[in-house]
Amino acid sequence: MVVSAMLRGVLMASGLVLLVGCSGAQPVAYTDPTETPAGPGLFSGSSGEVTVTIGPNSEQTAPASE
């Protein structure tokens with residue numbers, strides 16, 4: 001009887017710790033994985049377009065074709 005009462009107390013205490021630990025959860029903004037997120041990408045700048053520079057100091061740029 002002493003073992004079952006002690007086991008019950010440990011289970012209740014661990015359940016309360018688990019409940020209190022998860023109570024501060026905040027909702028996460030959902031982003032559909034099939035849609036392209038807004039903003040600059042890996043190869044695009046702040047404009048959102050990929051540009052290729054034709055020389056180290058050239059002012060000419062060629063936009064990437066889609």
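One numbering rule holds for all chains: residues counted from 1, following each sequence as written. Residues qualify for local features only when their pLDDT is at least 70, as the model is predicted, and side-chain atom pairs are given and counted only at 80 or more; totals for whole chains, interfaces and linings, by contrast, use all residues. Note: side-chain values were computed over all heavy atoms of the structure, leaving out hydrogens and water.

Engineer: What should I look at first to understand the overall build of the protein chain in this one?
Structural biologist: Helix numbers and strand numbers start at the N terminus; a helix is a DSSP run of H or I with at least 4 residues, a strand a run of E with at least 2. Secondary structure assignment for the protein chain yields one helix and two strands. Written out in order from the N terminus, the α and β elements of the protein chain read α-β-β. Every one of the 66 residues in the protein chain was classed for burial, and the buried ones make up 2%. All accessible-area figures derive from a Shrake-Rupley calculation using a 1.4 Å probe, and residue coverage is judged against the displayed protein chains alone. In the structure as shown, the protein chain presents an accessible area of about 6400 Å², 65% of it carried by carbon and sulfur atoms. Accessible area is worked out with a 1.4 Å probe on protein chains only. A residue is then buried under 20% of its type maximum, exposed over 50%, and partly exposed in between.

Engineer: I tried to follow the confidence of the model for the protein chain on my own but got confused; where do I start?
Structural biologist: The predicted coordinates should not be examined in detail at positions where pLDDT is low. Every residue carries a pLDDT, the predictor's confidence in it, which falls somewhere between 0 and 100. With 73% of its residues at a pLDDT of 70 or more, the protein chain shows a mean pLDDT of 75. Mean pLDDT across the elements of the protein chain bottoms out in strand 2 (residues 61–63) (56) and peaks in helix 1 (residues 2–22) (84).

Engineer: Hey, could you run me through a nonpolar patch on the surface in this one?
Structural biologist: The patches described consist of residues with a relative accessible area above 30% and no salt bridge, like charges being joined within 9 Å and nonpolar side chains (Val, Leu, Ile, Met, Phe, Trp, Tyr) within 5 Å. Within this document, salt bridges are pairs made up of a side-chain nitrogen of Lys or Arg and a carboxyl oxygen of Asp or Glu, the two lying within 4 Å of each other. Taken together, the side chains of Leu42, Phe43, Val50 and Val52 make up a nonpolar region of the molecular surface, amounting to roughly 460 Å² of accessible area. You can see Val50 is positioned in the loop between helix 1 and strand 1 (51–53).

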